[in-house]
Amino acid sequence: MSHSARAAIEEPRLTTRQVRRRRAPRHVVVALPIALAGLIALLISGNTLRPFERVTTLEARMASKSDFFKDPEVQRLLLGHGIRVDIRRLGSRGIATQSLTGTDVVFPSGQPAAKIILDRQDHSVRSVRPFVTPLVLGTFRAYADTLVKAGVATPQRTPGGGPTLYYDLRMPAFMGLLDGTDGGRGTADQDGDGRPEGADTWNGIGFDTGGRSNSGRVLVRTSNVCESNAAGTYLSLLAFVANRNTTPGTENVNDPRLAQDAVTDLAAKIKPLISLQGMWADEQADSYLSDLGESIAPISLIYEHQYLAHQIAHHRKNGEQDTERVLLYPTPYALTEPQLISLTDRGDRLVRLIQEDEALRDRAIELGFRVRFSGEDGTSERLNAYLGDHGIQVPAANPDQTKSYEPDLDVLERIITYVGTCPPPVQDTP
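Residues numbered from 1 in each chain as written. Predicted model: local features only at pLDDT ≥ 70, side-chain atom pairs only at ≥ 80, totals over all residues. Heavy atoms only, no water.

Asks: Quick question: what am I supposed to make of the nonpolar core here?
Replies: Inside soluble globular proteins, nonpolar side chains tend to come together where they are buried. Within the largest apolar cluster, 90 residues are counted, with the highest numbers of intra-cluster contacts made by Phe69, Leu147, Phe174, Tyr234, Leu340 and Leu350. The element best represented in this core is helix H9 (residues 229–242), accounting for nine residues. If sequence neighbours within four positions are ignored, Phe174 has contacts with Leu137, Leu147, Val152, Leu169, Val218, Val220, Tyr234 and Ile299. Grouped together as the second largest cluster of nonpolar side chains are 12 residues, Ala63, Ile95, Ala113 and Leu343 included. (Core = buried A, V, L, I, M, F, W, Y, C linked by side-chain atoms within 4.5 Å. Buried < 20%, exposed > 50% of the residue type's maximum accessible area, 1.4 Å probe, protein only. Helix = DSSP H or I, 4+ residues; strand = E, 2+ residues; numbered from the N terminus. Contact = heavy atoms within 4.5 Å.)

So this is what it looks like as structure tokens:
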């Protein structure tokens, strides 16, 4: 090839292509600061690895105190310890008398059911009684004031002189309004207005003033005595008062037949005070605290903590107390002691937490419970301080400190079975 031909051949040129960098999507750019903030928060709180930790789910059967474990803040605190509680809600006596197979923990609302459960175990178990709560009657101001006029209730004084949230109820006199008669008569002029009316009706004791009227019976709406600790405790209170402030079953101890007959006679005496309400109703606090509470029942059997939790939440939302709903504190009084009982090694973790964790105890106070604290004289000081700090009237201690004591378990079971015509308990393994 000639020199000129080679010169005519051009050398290949190297060309480059400009590559555009891809920008991050806008939603990624927006979300990045939020993700970084979350990471920083996890680092500060020490929870960086929490999503990767194992969470243990406990199977639980609980009565009304399941309110505590259903609280979102309690659930958050427990999850911080790797525990989640799956709750099946039953009445306390229902928990105690049914099969507990596959259950890690139980939380009956009182000692009678707790004792039945503990007696069924074939080995020692861990348990704790973290707080106490009085049995109370939830009602509405117009009905409470009617009971004051009838001479069976006394309003507690308020520091500022405003409307009170609490009344003391004399049970012997109040029980006289629950039997449907006035000295054996079906009609009477109990309120002294010159008009004979149905005995032991609300109008009959003076409710029908100011355009109001309620010709219904004076009754306490309770849950099922065959299932509920609250109803069983109320039944014990009625029996204690009807037995002249004496614990049933403590008389004629040297003659078993006479002792049993005395318990049966007592059960027959108080049965109408419970059974005249008709069909049992569950979830009394839910009904009482609902918008239709007054139309459902003028008086409902509840626990103090349920009412106080409502007042705390109401004040937080509205900046004031709910002054239409009020409490009747019975005299003699009945105190309930719920007991958390572990049935498995997994359940032991929860019991230990409830015993030891300060944050969980503080939250119980915020939910209206009278929490047990070791080294303190009582259970009310911290709760009273919390109520006062949050604008809620503090309940006053009743000068009459007569306490209703529950009878022995076998005596209580006979009374409950007689009044409620309860089916026999399920005989099962622990």
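Resuming the write-up.
Asks: For this particular structure, what's the right way to read the pattern of salt bridges?
Replies: When the charged atoms of two side chains lie near each other, side chains of opposite charge can form a pair. The tally for this structure, following the rule as stated, stands at 19 salt bridges. When the shortest N-O distance is used, the salt bridge between Asp67 and Arg89 registers 3.1 Å. Residue Asp67 is found in helix H3 (residues 66–70), and its partner Arg89 is found in strand E2 (residues 83–89); the two are separated by 22 residues along the sequence. Taking the relative accessible area as the measure of exposure, Asp67 reaches 30% and is therefore partly exposed. Taking relative accessible area as the criterion, Arg89 reaches 28% and is therefore assigned partly exposed. Close ionic contact of Arg346 with Asp104 constitutes a salt bridge, the shortest N to O distance being 3.0 Å. In this pair, Arg346 sits in helix H14 (residues 345–356) while Asp104 sits in the loop between helix H5 (92–97) and strand E3 (105–107), placing the two residues 242 residues apart along the sequence. (Salt bridge = Lys/Arg side-chain N within 4 Å of Asp/Glu carboxyl O.)

Asks: Quick question: what am I supposed to make of the side chain of Glu304 here?
Replies: Along the chain, the position of Glu304 falls in helix H13 (residues 304–318). Excluding anything up to four places from it in sequence, Glu304 contacts Thr133, Pro134, Val136, Leu327, Tyr329, Arg370 and Pro395.

Asks: Would you explain the sheet that holds strand E4 (residues 127–128) in this entry?
Replies: Sheet strands line up and pair through hydrogen bonds in the backbone, either parallel or antiparallel. One open sheet accounts for five strands, arranged E2-E1-E3-E13-E4; its pairing is mixed. Both edges of this open sheet fall to E2 and E4, since each of them pairs with a single strand only. Sheet analysis places E4 next to strand E13 (residues 340–342), joined by two bridges and oriented antiparallel. Bridging across to E13, Val128 finds its partner in Leu340. (Pairing = 2+ DSSP bridges.)

Asks: Teacher, can you tell me more about the state of the cysteines here?
Replies: The bond known as a disulfide is covalent and runs between the sulfur atoms of two cysteines. Counting across every chain of the model gives one disulfide. Two residues, Cys226 and Cys422, share a disulfide whose sulfurs are 2.0 Å apart. Negative torsions about the S-S bond denote left-handed disulfides, and the value of about -90° found for Cys226 with Cys422 makes this one left-handed. Of the two residues, Cys226 sits in the loop between strand E9 (197–198) and H9 while Cys422 sits in the segment after helix H17 (409–420), which places them 196 residues apart along the sequence. The class for Cys422 is buried, based on a relative accessible area of 10%. (Disulfide = S-S within 2.5 Å.)

Asks: Would you take a moment to explain unusual backbone geometry for this structure?
Replies: Most peptide bonds take the trans form, and the phi angle of most residues other than glycine is negative. The peptide bond linking Thr331 to Pro332 adopts the cis configuration, its omega dihedral lying at 0°. As for its position among the elements, Pro332 is in the loop between strand E11 (325–331) and strand E12 (335–336). With a phi close to 60°, Arg244 is a non-glycine residue in the positive phi region. Residue position: Arg244 is located in the loop between H9 and helix H10 (256–275). Taking the relative accessible area as the measure of exposure, Arg244 reaches 63% and is therefore exposed. Of note in this structure, Asn245 is not a glycine but carries a positive phi near 55°. Among the structural elements, Asn245 can be located in the loop between H9 and H10. We classify Asn245 as partly exposed; its relative accessible area is 37%.

Asks: How should H13 be read in this particular structure?
Replies: Because each turn of an α-helix spans 3.6 residues, side chains separated by three or four positions end up pointing in the same direction. Look at H13: 21 Å from first C-alpha to last across 15 residues, which is about the 21 Å you get at 1.5 Å a residue. Positive phi appears at Gly319, one or two residues downstream of H13, with a value of about 75°. (Expected span 1.5 Å × (residues − 1).)

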